[in-house]
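Residues per chain, in single letters:
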Amino acid sequence: KTHGVDVWAQRLAAHRPEEERSYWISRLSSPVPPLPVDGPVLPAEDCYGASEQVHIELSAALTHALLNDCHHAYCTRINDLLMSSLFLAVFKWTGQHALRISLEGHGREALFEGIDVSQTVGWFTSLFPLTLQMSSSWSADRADSLQALIRSVKEELRTMPNNGIGYGLLRHLARDEALRTLDEPTDLLFNYLGQFDSVFHGAPSFPSASEH
């Protein structure tokens, strides 16, 4: 048994990671153009009923290569490769050298000594901005472009303190004025849920919902 949600919430409410403030301000202060749209979205159309879902699946062989083989080249983690792929796709679409997205994390960071929520039931989540940027001379057509992109994304993700959870604590719980006056990214939201094959095997007591 691990600690309950009430204990975790109380500790979060009292936690103020002021040392992270300059990091988030610098990342949000960098100008990033919005993604292009066909036209303005009317309020009546900005709803779930007007949305569209697109499902894309990789083959078992490609999935295995992505999860087990691709990280060897640059000692990457799965998020490094997924973020690089997303940046590359947006760059080929827009030609923009900067991208800001909302990145969702699991929210169960090891912030406090003696507090463990690894097995606590509930949806612990964090939401924070991620700014990816390449120099204006960077081109996807160059032979070393993927190498440079992956290394840049990897460095940005490694630089982020505590996997991003401090952003929400400062902006929403501490109500930091400097952060609240900066625009939050809204064009793209990314969430990697992880691997389910190692969790839901056999006949699990709690199978995954159809929405996953």
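Residues numbered from 1 in each chain as written. Predicted model: local features only at pLDDT ≥ 70, side-chain atom pairs only at ≥ 80, totals over all residues. Heavy atoms only, no water.

Considering the overall build of the protein chain
Quick reminder of the rule: Put simply, DSSP H or I for four residues or longer makes a helix, DSSP E for two residues or longer makes a strand, and each gets a number counted from the N terminus. Only protein chains enter the accessibility calculation, which uses a 1.4 Å probe. A residue is then buried if its area is under 20% of the maximum for its type, exposed if over 50%, and partly exposed in between.
Within the protein chain, the regular secondary structure consists of seven helices and three strands. Each helix (α) and strand (β) of the protein chain, taken in turn from the N terminus, gives the series α-α-α-α-β-β-α-α-α-β. A principal-axis box enclosing the C-alpha atoms of the protein chain has dimensions of 50 × 50 × 45 Å. Classification of the 212 residues of the protein chain by burial places 31% in the buried group.

Considerations on the side chain of Arg 100
Just so we agree on the cut-off: Here a polar contact is recorded for every N or O atom pair within 3.5 Å, except that within protein the pair must consist of a potential hydrogen donor and a potential acceptor, and residues adjacent in sequence are included only if both atoms are side-chain atoms.
When you line up the elements, Arg 100 lands in strand β1 (residues 98–105). A distance of 2.6 Å separates a polar side-chain atom of Arg 100 from the backbone oxygen of Ser 30. A distance of 2.9 Å separates a polar atom in the side chain of Arg 100 from a polar atom in the side chain of Thr 131.

Some thoughts on the pairing of strand β2 (residues 126–133)
Which entries qualify depends on this criterion: Two strands qualify as a pair provided DSSP detects at least 2 bridges between them.
The buried count for β2 comes to six of eight residues, which makes it a mostly enclosed element. Here β1 pairs with β2 via eight bridges, running antiparallel. If you follow Glu 104 over to β2, its bridge partner there is Leu 127.

Regarding the nonpolar core
Convention followed: By nonpolar core we mean a set of buried residues, namely Ala, Val, Leu, Ile, Met, Phe, Trp, Tyr and Cys, connected to one another through side-chain atoms within 4.5 Å. Here, two residues are considered to be in contact whenever any of their heavy atoms come within 4.5 Å of each other.
Formed by 27 residues in total, the largest nonpolar core has its most connected members in Trp 24, Met 83, Phe 87, Leu 103, Leu 130, Trp 138 and Leu 149. For this core, the leading source of residues is helix α4 (residues 78–94), giving six residues. Apart from the residues within four sequence positions on either side, Leu 130 is in contact with Met 83, Leu 99, Arg 100, Ile 101, Leu 103, Glu 156, Leu 157 and Met 160. By size, the runner-up hydrophobic cluster in this structure holds nine residues, among which are Leu 111, Ile 115, Val 117 and Phe 124.

Section: the pattern of salt bridges
Pairs may arise between side chains of opposite charge once their charged atoms sit close together. Stated precisely, the cut-off is as follows: A pair is scored as a salt bridge if a Lys or Arg side-chain nitrogen falls within 4 Å of a carboxyl oxygen belonging to Asp or Glu.
Scanning the model with the defined rule gives four salt bridges in all. Arg 21 is the partner of Asp 176 in a salt bridge, and the nearest nitrogen-oxygen pair spans 2.6 Å. In this pair, Asp 176 sits in the loop between α6 (165–173) and α7 (177–180) while Arg 21 sits in helix α2 (residues 21–29), placing the two residues 155 residues apart along the sequence. Exposure remark for Arg 21: the relative accessible area of 30% places this residue in the partly exposed category.

Overview of the environment of Pro 43
Within the secondary structure layout, Pro 43 lies in the loop between α2 and α3 (60–68). For the pair Pro 43 and Leu 132, spaced 89 residues apart in sequence, the C-alpha separation works out to 30 Å.

Comments concerning the side chain of Glu 109
Heads up, the condition is: Under the counting rule used here, the positive set is Lys and Arg, the negative set is Asp and Glu, and His together with the chain ends is not counted.
In this fold, Glu 109 is placed in the loop between β1 and β2. For the buried Glu 109, no salt bridge exists, and the shortest N-O distance to an oppositely charged side chain is 9.2 Å, to Arg 77. Engagement of the side chain of Glu 109 in a polar contact is seen with the side chain of Asn 163, the distance being 2.9 Å.

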